[in-house]
Amino acid sequence: MTTAAPAAVTAPVPGDPPPRRRRISRDTVAAWGLLSPNLVVFGVFLFIPLLATVWLSLYSSSGFGPREFVGADNYTELFGDSTFWRATANTGLYALLTVPVSLALGLGIALAMNRPLRGRGVLRGIYYVPYVISGVVVAVAGRWIFNENVGVVNRLLRSAGLDGVPWQSDAVGAMGSLVLISIWTKVGFVMVVYLAGLQSIPKEYLEAAQTDGAGRWQRLRYVVVPLLKPTTIFLVVLGVIESFQVFDVVYVLTGGGPGNATEMLVTYAYAEGFDARRQGYAATIGVVTYLFIAVLTALWYRRQRAQEADL
């Protein structure tokens, strides 16, 4: 009876690639190693504070002494709070006024800065500088510019024989000063983003449209603007999110007044948390504001995925 010889075991040859399981394991470890610093920062400075805010919103707390668990009472009170809804309406109005104007002005400046101009780099820097300046500094400058009595704007109006605008004592004037200062600071960033979008448009598209007889405005309307649509959507969503987070300019320039005419969601949360010492209620405002921002971000992400699927 013949016995079959055992199969020969092939020894690994030096220089052969490692087994797939080991290679995947090493790749996974390397990926987690590279991600771990960002994950730690994300957890410590975002995820943990967010959970703590949600937890605090379920309590009645002044920041000192024991807390009292109230469950959803803060949320019930919030949705019946007229000041909260006024702050929400002010925030929406602020976004409605600042975002479209900033986009229109930023696109116009980007189109001009995309052309061969002498000193173009210097001009780009001048337009961008207000965006990188501290919001507190901008607001302090705004208080001097829009002061009712000695402000630059009212002095110019009076020198032209016009009446000064009540920037601090009138609701419309206070919101107007806030909107003008905010647009001035945002235009530079919008210009930079639109410049990047303009420079990514293939020149062949514009040359083909010009060959077909399209004028400058027709090329802008039917070629440039449609190709900049993803950039525009990005800027709109980012601008709305920033509008829901605005604080420093409002706090320094108007303080939310007169009355509650310029009260925003974040300034109202600050007032409830540190002035009224109702930190649980302030946390509730923060949670609802976060939900607003999360919904907007989710809608933008879904829109981007749909556009990528259509390409």
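Everything numeric in this text was worked out from a predicted model, so none of it was measured.

Another point: the UniProt feature "domain: ABC transmembrane type-1" (unreviewed entry) in the protein chain. UniProt feature "domain: ABC transmembrane type-1" (unreviewed entry): in the numbering of this structure it lies at residues 88–300. Along residues 88–300 the backbone is 77% helical and 0% strand, and the end-to-end C-alpha distance reaches 20 Å.

All right, on to the packing of aromatic side chains then. Inspection of every chain in the model, using the stated rule, returns 12 aromatic pairs. An aromatic cluster is present here, built from Phe247, Tyr251, Tyr270 and Phe274 joined pairwise through their rings. Lying across the ring of Tyr281, Arg278 places its NZ or CZ 4.3 Å from the centre.

Counting 52 residues, the largest nonpolar core has Leu178, Tyr194, Leu228, Leu235 and Met264 as the members making the most contacts within it. Apart from residues no more than four positions distant in its own chain, Leu178 is found in contact with Tyr94, Val249, Val250, Leu253, Thr262 and Met264.

The residues that UniProt annotates with the feature "transmembrane region" (unreviewed entry) are residues 29–56, 93–113, 125–146, 171–198, 219–241 and 280–301. End-to-end, the C-alpha atoms of residues 171–198 are 39 Å apart, and along that stretch the chain is 100% helix and 0% strand. Regarding residues 219–241, the helix share stands at 96% and the strand share at 0%, and the terminal C-alpha atoms are separated by 31 Å.

Our next topic: a nonpolar patch on the surface. A cluster of nonpolar side chains, contributed by Val40, Val41, Phe42, Val44, Phe45, Leu46, Phe47, Ile48 and Leu51, occupies part of the molecular surface with about 890 Å² of accessible area. Along the chain, Val40 falls in helix α1 (residues 20–56).

What follows deals with the pattern of salt bridges. Scanning the model with the defined rule gives 2 salt bridges in all. With its nearest N and O atoms 2.9 Å apart, the salt bridge here joins Arg278 to Glu77. Here the residue Arg278 occupies a position in the loop between α12 (265–275) and α13 (279–310), and Glu77 occupies one in helix α2 (residues 73–79), the gap between them amounting to 201 residues. Assessed through its relative accessible area of 30%, Arg278 is described here as partly exposed. Looking at Glu77, the relative accessible area reads 36%, which means it is partly exposed.

Quick look at unusual backbone geometry now. Along the chain, Gly257 connects to Pro258 via a cis peptide bond; the corresponding omega equals 0°. Relative to the assigned elements, Pro258 resides in the loop between α11 (248–253) and α12. Even without glycine at this site, Arg277 takes up a positive phi of about 60°. Inspection of the secondary structure puts Arg277 in the loop between α12 and α13.

Take the packing of helix α7 (residues 171–199) against helix α10 (residues 229–245) next. Where α7 contacts α10, the two axes come as close as 10 Å, and the packing angle between them is 160°. As the angle between them shows, α7 and α10 are arranged roughly antiparallel. As for the relative orientation of α7 and α10, their crossing is right-handed in sense. Judged by residue contacts, Lys186, Phe189, Val190, Val193, Tyr194 and Gly197 of α7 engage Thr231, Thr232, Phe234, Leu235, Leu238, Gly239, Glu242 and Ser243 from α10. Taken together, the residues that form the contact of α7 with α10 break down as 7 nonpolar, 5 polar and 2 charged.

Here we come to α7. A rise of 1.5 Å per residue sets the reference length of α7, with its 29 residues, at 42 Å; its end C-alpha atoms lie 42 Å apart and thus fit the reference within 8%. Maximum bend of α7: about 30°, positioned at Lys186. Between the side-chain oxygen at the start of α7 and the backbone nitrogen of Val172 there is a gap of 3.1 Å, and the oxygen is on Asp170.

Scoring rules and cut-offs
- Residues numbered from 1 in each chain as written.
- Predicted model: local features only at pLDDT ≥ 70, side-chain atom pairs only at ≥ 80, totals over all residues.
- Heavy atoms only, no water.
- UniProt positions renumbered as here; feature names shortened; annotations may be inferred.
- Helix = DSSP H or I, 4+ residues; strand = E, 2+ residues; numbered from the N terminus.
- Phe/Tyr/Trp six-rings, centres within 6.5 Å; stacked < 30°, edge-to-face > 60°.
- Lys NZ or Arg CZ within 6 Å of the ring centre and 35° of its normal.
- Core = buried A, V, L, I, M, F, W, Y, C linked by side-chain atoms within 4.5 Å.
- Buried < 20%, exposed > 50% of the residue type's maximum accessible area, 1.4 Å probe, protein only.
- Contact = heavy atoms within 4.5 Å.
- Patch = residues over 30% accessible without salt bridge, like charges linked within 9 Å, V, L, I, M, F, W, Y side chains within 5 Å.
- Areas by Shrake-Rupley, 256 points an atom, 1.4 Å probe, with all protein chains shown as cover.
- Salt bridge = Lys/Arg side-chain N within 4 Å of Asp/Glu carboxyl O.
- Axes fitted to C-alpha atoms, helices over the stretch in contact; angles between N-to-C directions.
- Parallel < 35°, antiparallel > 145°, perpendicular 65-115°, else oblique.
- Left-handed = near helix turned anticlockwise from the far one by under 90°.
- Nonpolar A, V, L, I, M, F, W, Y, C, P; charged D, E, K, R; others polar.
- Expected span 1.5 Å × (residues − 1).
- Bend = angle between axes of the 7 residues up to and from the residue.
- Polar contact = N/O pair within 3.5 Å; in protein donor to acceptor, adjacent residues only side chain to side chain.

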